[in-house]
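Summary of the model geometry
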Amino acid sequence: MSDVEKANGTASELPRELLDSVVIRFAGDSGDGMQLTGMQFTTATALMGNDLATFPDFPAEIRAPAGTTYGVSGFQIHFADHDILTPGDAPDVLVAMNPAALKVNLPELKRGGLLVVNTGAFTKGNLKKAGYDTNPLEDGSTDPYRLLDLDISKLSLNAVAELGLGAKDAGRTKNMWTLGLMFWLFGRDRQSTVDWLEKKFAKKPDIAQANILALNAGHIYGESAEMPSGIGVYQVPKAELEPGEYRNIDGNQALAWGLATGGKLASLPVFYGSYPITPASSLLHNLAKLKHLGVTTFQAEDEIAAVCAAIGASFGGAVGVTGTSGPGVALKGEAIGLAIATELPLIVCDVQRGGPSTGLPTKTEQSDLFQAVWGRNGDAPLIVLAAATPGDCFHMAIEAVRLSTKYMTPVVLLTDGYIANGAEPWKLPDLDAIAPFPVHFHTDTEGFFPFQRDPETLARVWAKPGTPGLQHRIGGLEKNQHSGHISYDPDNHHAMVKLRAQKVANVAKDVPEATLELGEAGGDVLVVGWGSTYGSIRQAVQHTMKKGAKVAHLHLRNIWPLPRGLEDLMKSFDKVIIAELNDGQLLKLLRAELLTDAIGHQKIAGQPFRVSELVEMIETHLPGGSDARPSAVA
Amino acid sequence: MTENAPLTKKDFSSDQEVRWCPGCGDYAILAAVQRTLPKVGATLENTVFISGIGCSSRFPYYMNTYGFHTIHGRAPAFATGLKVVRPDLDVWVISGDGDSLSIGGNHMLHVLRRNVNLQYLLFNNQIYGLTKGQYSPTSDVGQISPSSPYGSIDQPVTPVRIALGAGARFVARGYDVSKQLPDVLEAAHRFQGASFVEILQNCPVFNDGVFDLITDRKKGPQHQLWLEHGQPMTFGKNGEMGVRLNPQTLSAEIVTLGENGITEADLLVHDETNRNIAWLIADLPDVKALGVLYREDGPVYDESVRQQVQMAEERAKGADLKSLLREGHTWTVS
Ligand code: SF4
C-alpha cells in the first residue's frame, strides 16, 4: 500500500458533509503557482466525476512585482453533483497565499465562506505592499468568514527539510502543500497530481520528490491536526452526466483538435500560420503537436506573414488557418481582404481579449464582433462564427472548415480568453458520426476559367497549382466575373461586390435556423447572447424561469450571415435584451439588420457575466420590474 | 502539340497584353525568365509566380503558369505557406525595391534566413514606379522626386548586403538587358534553397538611366565585375582591371593590373562559398559585382518541415484522432 492510498484510506473514514456544489478560488502571487494548483485540482475533480467549470484569471505581466495587488493570480473552479455551465460567481472557499491575494479577493468571498490563509506571507513588508495598514487577520476583517490560518510557508519548508534543497526550491512547494490540504478537505484523490509531478520533473527527481512530500504533508496535516470549529471535510457527489467517455478540455485545445478533425473530414491537410499572442498562443502550441495528423504549423515572423502564409497554403490546396487575438486580426485585415477577393478558403481564429490596442491581454471581452464582420477595406463580407463553450470550439472549428471550403471564402471564428483558457468536462464526440465533406478540386480543362462558379452556392472552383491545363493567375485586383482577368469595368465591379455578398448570404441556407435554447416563443423577455456568455445567460434564464417568468434564451453561433428565423423569433417577445461583453456590438448589428427594438445589456470589465447580475437584470425587465415596458394603453 | 514536345519561350507567355511602359526594363527580364524556364525543364503547371505590389509585381499575369498577385511586400510569406504544403511546386517570388526593402523588409529577411526553396527576384529600379516616382529605399541620397523635392535624405540600402546579412545562401546580381541574365537565373533555379537575385532594372519613366554607368554598351564593361568561382577578379574591356583586398582596411579596392607592379597574383580570387568576400565586393564604388556573389548549400526549410512530419508520424505509431481525444486523463460515466 502506497503512502497515498494509506492517507486516502484514513481520510475517507471521516464523516463528510454533503455539498451539491462548491466554488473555490485559489489566489496568490503570480509566482506562487496558483494556475498549476488550480489545474491539478481540476484534473482530480474531473476524475471524481463532478461536473466542473474553471476560470483562470492572471495578470498580463509574467512576473509582476511580488506581493503587489496587480501581481495577484487567481484560478476559480466550480464543481458540482449536477450539470453546471459557469465557473460560479462568488467563491465559497478562498485560498489566499499572501496579503495582496486576500486584499483583491476577500470582498468576493461569500459571508460564512471558508478562508484559507498562509500566515507565513503576512509579513510587515507584504502587508504594506498590499496596502494594508493593519493586519487583516488581526483587526476583525476576517470575522465574517470561517478562517483557517496556517503558516503554510513554514509547514511546507518543514515537510521538505529532509531533502536539503535550496531555500528557493523548498519555498516553491507551498502550493503543493496547500493543494494537499484542499484535496483532503474535499476528498479528492492525489494520484493524478503525483503522476503529473513525476512526469513533469522526470529530469529533476529531487524537485518531484519535494513537491510530492509537500502534497502529502498538506493532506496529512488535514487528517491529523485539530481543525478550528466550523471547519470539516466535505463531499461533492458525482454529477449525473450523460453516459459516455469524458475528459477535461479547454477552448484552445478543443479548437486545435477541431481544426485537425475538420481537415480530415475535408480530406485536406491543415496549415496553421501564427504569431504568438495572448490568449491565442496555446492554439499554436496544441496544433504544433499534431504533425502526425496532417497539421503543419508555421510560427511566422509577424501576424501579417502568418495569415499570408495560410492563404498561400490554401492557394496550394490545403486548409489555411491563422489564429490570433484582436490586435492580430487588425494587422491581418488587408490579407483577409485578398482571400475574399481571390475567393480562397481561410480560417481566422480570433481569441478575443480586452481592447482597444493592447488593451487587457489576459482578460476576456467580446469586442471584436465589428472587426470580424466589417473590419476590412471595401465591401468585404465573410462568414463569422462564434463558439459558445470550450467544448463547442471543437464543433465550430469543424463547421468553419466545412463552410470555408464549401463556399471558398474566409471564415472568422470568434472565441475569447474565457473559453480559450477555461476548462470543462467534455463528452468525447463520436468521430464516425460526423459526416465528412471531402473537397473536390477542379481538374476539368474544358471551358475552364478561375471564377467559374457553382450555381447554387456561388462558390468558385478550386483549381490548385500542379493541375495540368488549368494555369491561371489570381490576385487582389478586381476580376472580370466571367474570365477572371483584371477588370476596371464599373458594372463588373458592382456585380462582383454583389456576388461576393450573395455568396456569403447563401450560407444562411446551410446552417441551422435560429432556435431558443430555453423557454418558449411569445414570452415577456428574450435574452440573446453569443459566444462565451452562453453558460451564464443560460443559467440566469433557467433561474428566472424556475420562478415562473416567461423568459427565453437565444444563443447565436452564426454571427454572419445571421441564421434564418431570427427576426420572427425576436419579434414574438415583448422585450428583447442583447447581453454581451462589449459596448453593444451585436445590439447595433441586430438593430441595423433586423430593425429590431432590442435593448442592450453590457459588461465591459474584462470579466465574464455573473449569473446573479444577469438574474437581477432580467428581473428588472419582467412585468412589474423597474425597467418593465409600460403596459399598452387600452 | 504532342505531350513531349519541348516547351518554348512562347509556351510560357500568357495571353495577357503586357502593360509596362514602353522601354521598361521589365520587358527584358520577362523575356529572360521565359527563356530560362524551358531550359531548366520547368513545366507550366508546376511553376508558380508570386508577387507583391508594384510595377514588377504585374509579372505573374504575363506568365502562362500559375500565378498569385498578392499584397504589398508580403509575397515571400505567401510563397512560404505554399512551399510548405506543396514542396513539389517550383516557386518564383517577384518583387521590387519598395516591395522587398520597405514594406516587405521583414518578410524578405525571414524567407531568406529560413532558406525556403524558391527563387527571389528583386527588380531594383531605385524608384517607386507604380505610385508615380517617389524615392525608394535604394534611391541615392539627393534623389529628386515628388516626395523629395529637395532631394532624398535617406541613406540607401544595398539589396545584396541585406540578403547576405539575412543569411541568404544564394545571392546573385544581374541587370535587365544583360545577355547573361538567363545564366544567373538558371544558377538561381538550380540552387536548393532561397536564391536571391537582384536585377538592376531601368525605369525610363521615373528614373531613366540610373544604371547607365553599369549597363551602357560601351562604358559598361569598365564597371561590370562578372564573377567566376575560383577565378581572380578581373574586369574591364581587356581584363585590365582587378579587385584586391586591402589588408589594412579589410576592404576591397579596385586596381589596374600592371600599375604599381600589381599582377593577377595580387587579386582576390572569387570563392562563392565565402560570405565575407561576397560582402566585400557587394558595394564597390562605381563597379557592380555581377553573377553569383555567394552560394553555399544548407538545410532547406520545406525539406526540414517534411522531415519533422515524417519523424512525428513515426513516433506517433499510428495514433489517430480517436487516440488524440483520449490523450491524458479520460473517464467514463455510465
Ligand atoms: S513606371 Fe517605370 S518601372 Fe513601372 S512600368 Fe513604367 S517604366 Fe517600368
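Residues numbered from 1 in each chain as written. Chains lettered and ligands numbered in written order. Predicted model: local features only at pLDDT ≥ 70, side-chain atom pairs only at ≥ 80, totals over all residues.

Some words on the overall build of chain A
Each helix and strand counted, chain A has 21 helices and 23 strands in total. Against the compact-globule benchmark of 26 Å for 634 residues, chain A has a radius of gyration of 27 Å, which places it among compact chains. Projecting the C-alpha coordinates of chain A onto the three principal axes gives extents of approximately 85 × 75 × 45 Å. Per-residue burial for chain A yields a buried fraction of 54% across its 634 residues. (Helix = DSSP H or I, 4+ residues; strand = E, 2+ residues; numbered from the N terminus. Rg over C-alpha atoms; globule rule 2.2 N^0.38 Å. Buried ≥ 20, exposed ≤ 12 C-beta atoms within 10 Å, placed from the backbone.)

Quick notes on the overall build of chain B
Helix and strand counts for chain B stand at ten helices and twelve strands. Dimensions of chain B, computed from the C-alpha atoms along their principal axes, are close to 95 × 50 × 50 Å. For chain B, with 334 residues in total, the buried portion stands at 49%.

Structural notes on the site of the ligand
Lining the immediate environment of the ligand, one finds Trp20, Cys21, Cys24, Asp26, Cys55, Asn125, Gly129, Cys203, Pro204, Val205 and Phe206 of chain B. Residues belonging to the shell around the ligand are distributed by class as follows: eight nonpolar, two polar and one charged. (Near = placed C-beta within 6 Å. Nonpolar A, V, L, I, M, F, W, Y, C, P; charged D, E, K, R; others polar.)

Observations regarding the sheet that holds strand 8 (residues 234-235) of chain B
All names here are of chain B. Within the open sheet, the three strands sit side by side as 8-9-10. Their pairing is antiparallel. Bordering the open sheet on either side are strand 8 and strand 10 (251-256), each of which pairs with just one other strand. The pairing of strand 9 (residues 241-246) with strand 10 spans six bridges and is classified as antiparallel. Its bridge partner lying in strand 10, Leu245 is registered against Ala252. (Pairing = 2+ DSSP bridges.)

What to know about the interface of chain B and chain A
The parts lose accessible area when they come together, and the size of an interface is often stated as this lost area. Between chain B and chain A, the contact holds 48 residues from the first and 55 residues from the second. Contributions of two or more residues to the side of chain B that touches chain A are made by strand 2 (66-69), helix 2 (75-85), helix 4 (105-114), helix 9 (301-316), helix 10 (321-325) and strand 12 (330-333) of chain B. Looking at the side of chain B that touches chain A residue by residue, the classes come out as 24 nonpolar, 18 polar and six charged. With four bridges joining them, strand 9 (residues 244-250) of chain A and strand 12 of chain B adopt antiparallel strand pairing. In the strand pairing of strand 12 of chain B, Gly244 of chain A is matched with Val333 of chain B. (Contact = placed C-beta atoms within 7 Å.)

Considerations on helix 20 (residues 585-594) of chain A
Among the residues making up helix 20 of chain A, those that are buried are Gln585, Leu586, Leu587, Leu589 and Leu590 of chain A. On its buried side, helix 20 of chain A packs onto helix 14 (369-374), strand 19 (525-530), strand 22 (575-580) and strand 23 (599-602) of chain A.

Things to note about the packing of helix 8 (residues 191-200) of chain A against helix 9 (residues 205-224) of chain A
All names here are of chain A. Put simply, helix 8 and helix 9 touch, their axes get as near as 9 Å, and they point 160° apart. Considering the angle they form, helix 8 stands roughly antiparallel to helix 9. Taken as a pair, helix 8 and helix 9 cross one another with a handedness that is right-handed. Here helix 8 contributes Thr193, Val194, Leu197 and Glu198 to the contact with helix 9, which in turn contributes Ala208, Asn211, Ile212 and Leu215. The residue inventory of the contact of helix 8 with helix 9, partitioned by class, reads five nonpolar, two polar and one charged. (Axes fitted to C-alpha atoms, helices over the stretch in contact; angles between N-to-C directions. Parallel < 35°, antiparallel > 145°, perpendicular 65-115°, else oblique. Left-handed = near helix turned anticlockwise from the far one by under 90°.)

Here's the deal with helix 2 (residues 34-47) of chain A
In a regular helix each residue adds 1.5 Å, so 14 residues correspond to 20 Å; helix 2 of chain A covers 20 Å between its end C-alpha atoms and thus fits that length. Burial analysis of helix 2 of chain A places eleven of its 14 residues in the buried class, the great majority of the element. (Expected span 1.5 Å × (residues − 1).)

What about the sheet that holds strand 16 (residues 423-427) of chain A?
Ordered in space as 16(A)-9(A)-12(B), the three strands form an open sheet in which the pairing is antiparallel. The open sheet has two edge strands, strand 16 of chain A together with strand 12 of chain B, and neither has a second partner. Looking at each pair of strands side by side, their axes are set apart by 35° on average, direction ignored. Where strand 9 of chain A meets strand 16 of chain A, five bridges bridge the pair, whose relative direction is antiparallel.

Quick look at the packing of helix 2 of chain A against helix 7 (residues 174-185) of chain A
Residues and elements named next belong to chain A. Their axes nearest at 10 Å, the elements helix 2 and helix 7 cross at an angle of 30°. Taken together, helix 2 and helix 7 sit at an angle that is classed as roughly parallel. Crossing hand, helix 2 versus helix 7: right-handed. Contacts between helix 2 and helix 7 involve Met34, Leu36, Thr37, Gln40, Phe41 and Ala44 from the first element and Asn175, Thr178, Leu179, Met182 and Phe183 from the second.

Some details on the confidence of the model for chain A
Taken over all residues, the pLDDT of chain A has a mean of 93, while the share at 70 or more is 97%. Note on residues 1-13 of chain A: pLDDT under 50 across the span, and 14 contacts to partners over four residues away in sequence or across chains. (pLDDT = per-residue confidence, 0-100.)

Digging into the environment of Gly316 of chain A
Inspection of the secondary structure puts Gly316 of chain A in the loop between helix 12 (303-315) and strand 12 (319-324). In this structure the C-alpha to C-alpha distance between Gly316 of chain A and Trp462 of chain A, which are 146 residues apart in sequence, comes to 9.6 Å. Not counting residues within four places of it along the chain, the set of residues in contact with Gly316 of chain A comprises Lys464 and Pro465 of chain A together with Leu82, Val85 and Arg86 of chain B.

A few points about the pairing of strand 20 (residues 551-556) of chain A
Residue and element names in this part refer to chain A. Of all six residues in strand 20, six are buried, a share of seventy percent or more. Burial along strand 20 is two-sided: Val551, His553 and His555 and Ala552, Leu554 and Leu556, pointing in opposite directions, are all buried. Note: strand 18 (residues 516-518) against strand 20, two bridges, orientation antiparallel. Residue Leu518 lies in a different strand from strand 20, and its bridge partner there is His553. As defined by bridge partners, strand 19 adjoins strand 20 across six bridges and the pair is classed as parallel. Bridge pairing links Leu526 to Ala552 in strand 20. Between strand 19 and its parallel partner strand 20, the chain crosses via helix 18 (residues 534-546), and the hand of that crossover is right-handed. (Right-handed = clockwise from strand over helix to strand, strands pointing away.)

Considering the environment of Gly422 of chain A
Residue and element names in this part refer to chain A. Here Gly422 lies in the loop between helix 16 (417-421) and strand 16. Along the primary structure Gly422 and Arg460 are separated by 38 residues, whereas in three dimensions their C-alpha atoms are 38 Å apart. Beyond its immediate chain neighbours, meaning those up to four positions away, Gly422 contacts Ala53, Thr54, Phe55, Pro87, Asp250, Gly251 and Pro390.

Thoughts on the pairing of strand 13 (residues 346-352) of chain A
Consecutive side chains of a regular strand alternate in pointing toward one face of the sheet and then the other. All names here are of chain A. Burial analysis of strand 13 places seven of its seven residues in the buried class, which makes it a mostly covered element. Judged by which residues are buried, strand 13 turns out to be covered on both faces: Leu346, Val348, Asp350 and Gln352 on one side and Ile347, Cys349 and Val351 on the other are all buried. Relative to strand 13, strand 12 is paired through four bridges, and the arrangement is parallel. Bridge pairing links Val321 to Ile347 in strand 13. What joins strand 12 to strand 13 is helix 13 (residues 326-342), and the crossover it makes is right-handed.

Here we look at the nonpolar core
With 205 residues, the main nonpolar core has Phe271, Ile311 and Leu413 of chain A together with Val171 and Leu293 of chain B as its most contacted residues. Apart from residues no more than four positions distant in its own chain, Leu413 of chain A is found in contact with Ile347, Cys349, Leu385, Ala387, Met396, Ala397 and Ala400 of chain A. Among the nonpolar cores identified, the runner-up in size contains 58 residues, and Val22, Val93, Val95 and Trp177 of chain A belong to it. (Core = buried A, V, L, I, M, F, W, Y, C linked by C-beta atoms within 7 Å.)

Remarks on the confidence of the model for chain B
Confidence along chain B averages 96 in pLDDT terms, with 99% of residues attaining 70 or more. For this predicted complex, the interface confidence reaches an ipTM of 0.97, while the overall pTM sits at 0.90.

A short note on unusual backbone geometry
Note the cis peptide between Thr278 of chain A and Pro279 of chain A, where omega equals 0°. Locating Pro279 of chain A in the fold gives a position in the loop between strand 10 (270-274) and helix 11 (281-288). Of note, the bond from Trp560 of chain A into Pro561 of chain A is cis; its omega dihedral lies within 30 degrees of zero at -5°. Mapped onto the elements of the fold, Pro561 of chain A is located in the loop between strand 21 (558-560) and helix 19 (566-571). Here the phi dihedral of Leu595 of chain A falls at roughly 50°; this positive angle occurs in a residue that is not glycine. Phi at Leu250 of chain B is positive, roughly 50°, even though this residue is not glycine. You can see Leu250 of chain B is positioned in the loop between strand 9 and strand 10. On the basis of neighbour counts, which here come to 9 C-beta atoms within 10 Å, the residue Leu250 of chain B falls in the exposed class.

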